[in-house]
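Chain residues, written in single-letter form:
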Amino acid sequence: HMIYTNNEDVFDIASFCYNELDLNNDVIIDVKPLDAEGYCYEDGYVEINNSLPKKAFEIAICHELVHCHQYETRGTAEEEEAYNLENKLWKLWKSQ
């Protein structure tokens, strides 16, 4: 399974999170103008705000991929866990 995206800046951190979170389904990450930092839908479609500063952009990807994991494993998204894991994932990725 794969990550598909319209923005190559996404690929490295998204691949890292995909593997760390042990995701199985395809994820599509669409970087575009949004009224929020990001959205994740149950089918693995993710939107990330294209105007975020670099670190916020990277953390938003971590956050939304936690939601992908939640949808895959539990069928529902949970914000508290996503906020807890976004920084852990980001720090792990930065420290590789």
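Residues numbered from 1 in each chain as written. Predicted model: local features only at pLDDT ≥ 70, side-chain atom pairs only at ≥ 80, totals over all residues. Heavy atoms only, no water.

Undergrad: Which residues make up unusual backbone geometry, and what are the values?
TA: Trans is the prevailing form of peptide bonds, just as negative phi is the prevailing case for residues other than glycine. At Asp-22, a position not held by glycine, the phi torsion is positive, near 60 degrees. Topologically, Asp-22 is positioned in the loop between helix H1 (11-20) and strand E2 (27-32). (Helix = DSSP H or I, 4+ residues; strand = E, 2+ residues; numbered from the N terminus.)

Undergrad: Could you give an account of a nonpolar patch on the surface, naming the residues involved and the relevant values?
TA: Taken together, the side chains of Met-2, Tyr-4 and Ile-28 present a nonpolar region at the surface, about 280 Å² in accessible area. Residue Met-2 is classed as partly exposed on the basis of its relative accessible area of 42%. (Patch = residues over 30% accessible without salt bridge, like charges linked within 9 Å, V, L, I, M, F, W, Y side chains within 5 Å. Areas by Shrake-Rupley, 256 points an atom, 1.4 Å probe, with all protein chains shown as cover. Salt bridge = Lys/Arg side-chain N within 4 Å of Asp/Glu carboxyl O. Buried < 20%, exposed > 50% of the residue type's maximum accessible area, 1.4 Å probe, protein only.)

Undergrad: How would you summarise the pattern of salt bridges if you had to cite specific residues and measurements?
TA: If you walk through the whole model with that rule in mind, you get four salt bridges. Glu-47 serves as the salt-bridge partner of Lys-32, at 2.8 Å between the closest nitrogen and oxygen. In this pair, Lys-32 is assigned in strand E2 and Glu-47 in strand E4 (residues 45-49), connecting sequence segments 15 residues apart. On the basis of relative accessible area, Lys-32 is assigned to the partly exposed category, the value being 25%. For Glu-47, a relative accessible area of 7% translates into the label buried. Glu-58 serves as the salt-bridge partner of Lys-54, at 2.8 Å between the closest nitrogen and oxygen.

Undergrad: Pulling in residues and values, what's your account of the environment of Thr-76?
TA: Mapped onto the elements, Thr-76 comes out in the loop between helix H2 (54-74) and helix H3 (79-94). In sequence terms Thr-76 and Tyr-41 are 35 residues apart; their C-alpha atoms lie 9.8 Å from each other. Sequence-distant contacts of Thr-76, defined by excluding residues within four places in its chain, comprise Gln-70 and Tyr-71. (Contact = heavy atoms within 4.5 Å.)

Undergrad: I'd like to hear about the layout of surface pockets, residue by residue, with values.
TA: Roughly 170 Å³ of internal volume is contained in the largest pocket. What lines the largest pocket is a set of 13 residues, and nearest its centre among them are Gly-38, His-63, Glu-64, Glu-79 and Tyr-83. Broken down by secondary-structure element, the contributors of at least two residues to the lining of the largest pocket are strand E3 (38-40), H2 and H3. For the lining of the largest pocket, the element with the highest residue contribution is H2, accounting for five residues. (1 Å grid on protein atoms, 1.4 Å probe; cavity = no way out; pocket = protein on both sides within 12 Å on 5 of 7 lines; lining within 4 Å. Points joined across faces, edges and corners; volume = space filled by probe spheres on them.)

Undergrad: A description of the pairing of E2 should follow, citing residues and the corresponding values.
TA: Bridge count for strand E1 (residues 3-5) against E2 is three bridges, and the pairing is parallel. Looking at E2, one finds that Ile-3 is bridged to Val-27. Where E2 lies against E4, five bridges are found, and the strand directions are parallel. The residue bridging Val-31 from the neighbouring strand is Ile-48, located in E4. (Pairing = 2+ DSSP bridges.)

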